[in-house]
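Listed below, chain by chain, are the residues.
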Amino acid sequence: TGPHPSASYLLQDEILDIAQATGAQAIHPGYGFLSENFQFCQRVWNTPGIAFVGPPPPAIQAMGSKSQSKAIMEQAGVPTTPGYYGDETQEAEFLL
């Protein structure tokens, strides 16, 4: 009978097989796990004739890391909230 409907959207191989079998031109990952899944995005990007509706794989990979995302925003001049970056030399006084 197949997987429970709530798990079926995680079956990446089947999603890609169905897209190719039906002649789909694009895949929109929806909201949630697949939209944040770098590997799925990369697989769709590497599938000839099917477009991924969403950001490119490097953007999804960067969004998966809070510190990398914050660094990208700071480099772009976007105001950010001060925070800890995991640097052992960073003073923790800003937390007080």
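Structure's up top.
Everything quoted here is computed from the prediction, not taken from an experiment.

Undergrad: So what's going on with the packing of aromatic side chains? Residues and values would help.
TA: If you walk through the whole model with that rule in mind, you get one aromatic pair. Where Phe 40 meets Phe 52, the ring centres are 6.5 Å apart and the plane angle is 70 degrees; that geometry is what we call edge-to-face. With a gap of 12 residues between them, Phe 40 in helix α3 (residues 38-45) and Phe 52 in strand β2 (residues 51-52) connect regions that are remote in the sequence. With respect to burial, Phe 40 and Phe 52 carry one shared label: buried.

Undergrad: Which residues make up a nonpolar patch on the surface, and what are the values?
TA: There is a patch of nonpolar side chains on the surface, built from Ile 72, Met 73 and Val 78 and spanning about 210 Å² of accessible area. Among the secondary structure elements, Val 78 is positioned in the segment after α5 (66-75). Among the residues examined, Val 78 registers a relative accessible area of 37% and is labelled partly exposed.

Undergrad: How would you sum up the nonpolar core? Please name residues and give values.
TA: Of all hydrophobic cores here, the largest spans 10 residues; its members are Leu 16, Ala 19, Ile 27, Leu 34, Phe 40, Cys 41, Val 44, Ile 50, Phe 52 and Ile 60. Contributing elements (two or more residues each) for this core: α2 (12-22) and α3. With three residues, the single largest contributor to this core is α3.

Undergrad: Mind laying out the pattern of salt bridges, listing which residues take part and the relevant values?
TA: When the charged atoms of two side chains lie near each other, side chains of opposite charge can form a pair. Throughout the structure, instances matching the rule amount to one salt bridge. Taking the shortest distance from any N to any O, the salt bridge between Asp 13 and Arg 43 comes out at 2.4 Å. Linking Asp 13 in helix α2 with Arg 43 in helix α3, this pair joins segments that are 30 residues apart in sequence. We classify Arg 43 as partly exposed; its relative accessible area is 32%.

Undergrad: I'd like a rundown of the packing of α2 against α3, residues and numbers included.
TA: Look at α2 against α3: their axes get within 11 Å of each other, and the N-to-C directions meet at 25 degrees. Between α2 and α3, the interaxial angle falls into the category roughly parallel. For α2 against α3, the interelement crossing comes out right-handed. Where α2 approaches α3, its residues Gln 12, Asp 13, Ile 15 and Leu 16 are matched on the opposing element by Phe 40, Arg 43 and Val 44.

Undergrad: Break down the side chain of Thr 47 for me, with residues and values.
TA: Within the secondary structure, Thr 47 is located in the loop between α3 and β2. Accessibility expressed as a relative area gives 11% for Thr 47, which makes it buried. Of note is the side chain of Thr 47, whose polar atom sits 2.7 Å from the backbone oxygen of Arg 43. Those residues in contact with Thr 47 that lie beyond four places of it in its chain are Leu 16 and Gln 20.

Conventions we followed
Starting afresh in each chain, residues are numbered from 1 along the sequence in its written order. Given that this is a predicted model, residues contribute local features only at a pLDDT of at least 70 and side-chain atom pairs are listed and counted only at 80 or more, while totals for whole chains, interfaces and linings are drawn from all residues. Only hydrogens and water are set aside; all other atoms, that is, all heavy atoms of the structure, feed into the side-chain values. Between the rings of Phe, Tyr and Trp (Trp by its six-membered ring), a pair exists once the centres lie within 6.5 Å; its type follows the angle of the planes, with under 30 degrees stacked, over 60 edge-to-face, and the other angles tilted. Think of it this way: any DSSP run of H or I at least four residues long counts as a helix, any run of E at least two long counts as a strand, and we number them from the N terminus. Each residue gets one of three labels from its accessible area relative to the maximum for its type: buried under 20%, exposed over 50%, partly exposed in between, using a 1.4 Å probe on protein chains only. Residues form patches when they are more than 30% accessible in relative terms and have no salt bridge. Like charges link within 9 Å. Nonpolar side chains (Val, Leu, Ile, Met, Phe, Trp, Tyr) link within 5 Å. We get accessible surface area from the Shrake-Rupley algorithm with a probe of 1.4 Å; when it comes to residues, only the shown protein chains can shield them. Here, a salt bridge means any Lys or Arg side-chain nitrogen found within 4 Å of an Asp or Glu carboxyl oxygen. Within this scheme, the nonpolar core is defined by two criteria: the residues are buried Ala, Val, Leu, Ile, Met, Phe, Trp, Tyr or Cys, and they are joined through side-chain atoms within 4.5 Å. For helices, the fitted axis covers only the stretch in contact; all axes are lines through C-alpha atoms, and the angles between them, taken along N-to-C directions, range from 0 to 180 degrees. By definition in this entry, angles of less than 35 degrees are roughly parallel, angles greater than 145 are roughly antiparallel, angles of 65 to 115 are roughly perpendicular, and the rest are oblique. Less than a right angle of anticlockwise turn of the near helix away from the far helix marks a crossing as left-handed, whereas a clockwise turn marks it as right-handed. Residue contacts are defined here by distance: any two heavy atoms, one from each residue, within 4.5 Å place the two residues in contact. Identification of polar contacts relies on pairs of N or O atoms within 3.5 Å, with a donor-acceptor requirement for protein atoms, meaning one able to donate a hydrogen and the other able to accept it, and with residues adjacent in sequence counted only if both atoms are side-chain atoms.

All quantities given are derived from atomic positions and should not be read as evidence of function.
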